[in-house]
Amino acid sequence: MRAGLDCKFLALVVVLSTVVRDGDVLCGADPTDGFVQVPLTEWNFELQKPYDKPLDQRYSYHDGVRRLWVYADDKPHDPSSMTKPRTEIRIRGLDYSSGVWQFEGYGFVPNGTSGVSILQIHGASHGATTFMLRIYNGDLKYYVSDLVDINDYDKWMRFNLIHNVDGGKVTLFIDGIKKFEANDHGPGDLYFKCGVYAQANASYYMESRWKDIKIFKAHD
Ligand SMILES: *[C@@H]1O[C@H](CO)[C@@H](O)[C@H](O)[C@H]1NC(C)=O
Ligand SMILES: *[C@@H]1O[C@H](CO)[C@@H](O)[C@H](O)[C@H]1NC(C)=O
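Everything numeric here is computed off the predicted structure, so don't read it as measured data. Within each chain, residues carry numbers counting from 1 in the order of the written sequence. Lettering of chains starts at A and numbering of ligands starts at 1, both following the order in which they are written. Per-residue local features are limited, in this predicted model, to residues with pLDDT of at least 70; the limit for side-chain atom pairs, both in listing and counting, is 80 or more; totals at the level of whole chains, interfaces and linings are taken over all residues. The side-chain quantities take in all heavy atoms of the structure and omit both hydrogens and water.

Considering the overall build of the chain
Going along the chain from the N terminus, every DSSP run of H or I of four or more residues is numbered as a helix, and every run of E of two or more is numbered as a strand. Counting its regular elements, the chain contains 1 helix and 15 strands. The cut-offs for exposure are 20% and 50% of the maximum accessible area for each residue type, with area from a 1.4 Å probe on protein chains only; residues under the lower value are buried, those over the upper are exposed, and the others partly exposed. Out of the 220 residues belonging to the chain, those deemed buried represent 50%. Any pair of residues with heavy atoms lying within 4.5 Å of one another is described as a contacting pair. Considering only contacts within the chain whose residues lie at least 6 apart along the sequence, 67% involve residues at least 24 apart.

Pasting the structure below:
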C-alpha cells in the first residue's frame, strides 16, 4: 500500500477482502518495501558455539526452525576469546560498511531465558557492536536499559532490523510495527547475528529459535 492513497477506501477494501496480514498497520508500509532480497544459502549461516562442544549439543535445525541454546557456564566460542558463552548464527559473506541493510527473521524466546542478547549488529567504528536486542525477564531491551517491548516469552515475533549506515540509524520493527530507533555507532565491518549470547545476569539456560531469516538491501 502506498501512502497518499485514500486510507479510508483502502481500509474498507482491506477489511472486505480480509487480507490484513497479522501485525500490519492499515495504510502503513511494510518494512521491506523498497528493499531487494539478497539470496542466502546454508553457507551464509555460520554457527558460533562453545568451542569444546559439538554443534548438535547447542543447535538444531528441523522443519525450518533453527534452535540455538547455551549454558551460563559454557566456554566461549573460541579458546582465545574472553567473551561470555554464545550460540549464534553469524550471517557470513554479507558484511557491509555502507548503504541500507535489513535483517528479517521470526524469533521465539522460551520463558526463563534472560540476560542474553538474541539479535545483534556486530561491528561499529567505536565499540564492538552497533545494536543488541536483549531479553530480561520477558522484556526486550536495546542493550541494558532502553525498553523496546514487553511480555515477549513463548511467542513467535517477526523482527525487521534496518541499518541505514549512510544515515547513521538503526530501526527495529516487531510484527511490522516500528518499536525502536537509535543512532548507530558509526561505520565498520558490519554483520547481523542472532541466537543467544550471554550478558550480565544471564539465566543458566538460554535459548532462542529463528526461522525464515532473510537479508535485504535497499535499492540504490
Ligand atoms: C514463566 O514461568 C514462570 C515460572 O514458571 C511463571 O510464573 C510465569 O508466569 C511464566 N511467564 C509466562 C509469560 O508464561
Ligand atoms: C544484575 O542484577 C543485579 C541484582 O539484581 C542488578 O543490581 C544489576 O543492575 C543487574 N545488571 C544488569 C546488567 O542487568
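Structure shown, so let's carry the discussion forward.
Quick word on the sheet that holds strand S14 (residues 191–198)
Strand pairing is assigned whenever DSSP detects at least two bridges linking the two strands. Taken in spatial order, the 7 strands line up as S2-S5-S14-S7-S8-S9-S10 in an open sheet, and their pairing is antiparallel. Whereas interior strands pair on both sides, the edge strands pair on one side only; in this sheet they are strand S2 (45–48) and strand S10 (146–149). Averaged over all adjacent pairs, the angle separating strand axes in this sheet is 20°, with direction ignored. Pairing of S2 with strand S5 (residues 86–91), which is carried by 4 bridges, proceeds in the antiparallel orientation. If you follow Glu46 over to S5, its bridge partner there is Arg90. Axis definition: a line fitted to C-alpha atoms, limited for helices to the stretch in contact. Angles are taken between N-to-C directions and run from 0 to 180 degrees.

Regarding the pattern of salt bridges
When a carboxyl oxygen of Asp or Glu is within 4 Å of a side-chain nitrogen of Lys or Arg, the pair counts as a salt bridge. Evaluated as defined, the whole model comprises 16 salt bridges. Across the pair Arg58 and Asp74 runs a salt bridge whose closest N-O atoms are separated by 2.8 Å. Here the residue Arg58 occupies a position in the loop between S2 and strand S3 (59–62), and Asp74 occupies one in the loop between strand S4 (65–71) and S5, the gap between them amounting to 16 residues. Neither residue differs from the other here; Arg58 and Asp74 are each classed as buried. Linking Arg90 and Asp95 is a salt bridge whose minimum nitrogen-to-oxygen distance equals 2.8 Å. A relative accessible area of 31% means that Asp95 is categorised as partly exposed. A cluster of three or more residues bridged by salt bridges with shared partners is formed by Asp30, Glu104, Arg158 and Lys214.

Some thoughts on the nonpolar core
What we call a nonpolar core is a set of buried Ala, Val, Leu, Ile, Met, Phe, Trp, Tyr and Cys residues that are connected through their side-chain atoms within 4.5 Å. Grouped together as the largest cluster of nonpolar side chains are 44 residues, with contacts concentrated most on Ile118, Leu119, Phe159 and Leu172. Once residues lying within four places of it in the same chain are set aside, the contact partners of Ile118 are Val109, Leu133, Arg134, Ile135, Leu140, Phe159, Lys193, Cys194, Gly195, Ser208 and Trp210. With 5 residues, the next largest nonpolar core counts Phe35, Ile162, Phe216 and Ala218 among its residues.

Quick notes on the site of ligand 2
Neighbouring residues of ligand 2: Val144, Ala200 and Asn201. Pairs of N or O atoms within 3.5 Å make up the polar contacts considered here, provided that, within protein, one atom can donate a hydrogen while the other can accept it, and that residues adjacent in sequence are counted only when both atoms are side-chain atoms. With respect to ligand 2, the side chain of Asn201 contributes an N or O atom lying 2.3 Å from an oxygen atom. Here ligand 2 has 360 Å² of accessible area as a free molecule, and 33% of this is covered by the chains. Proximity is defined per residue: any heavy atom of the residue falling within 4 Å of a molecule or strand makes that residue near it. Residue-level accessible areas treat just the shown protein chains as cover; the underlying method is Shrake-Rupley with a 1.4 Å probe.

Here's the deal with the pairing of strand S13 (residues 177–183)
Bridge count between strand S12 (residues 169–174) and S13: 6 bridges; the pairing is antiparallel. Bridged to Thr171 within S13 is Glu181. Between S12 and S13, which follow one another and run antiparallel, lie 2 residues, and Asp175 among them has a positive phi close to 50°.

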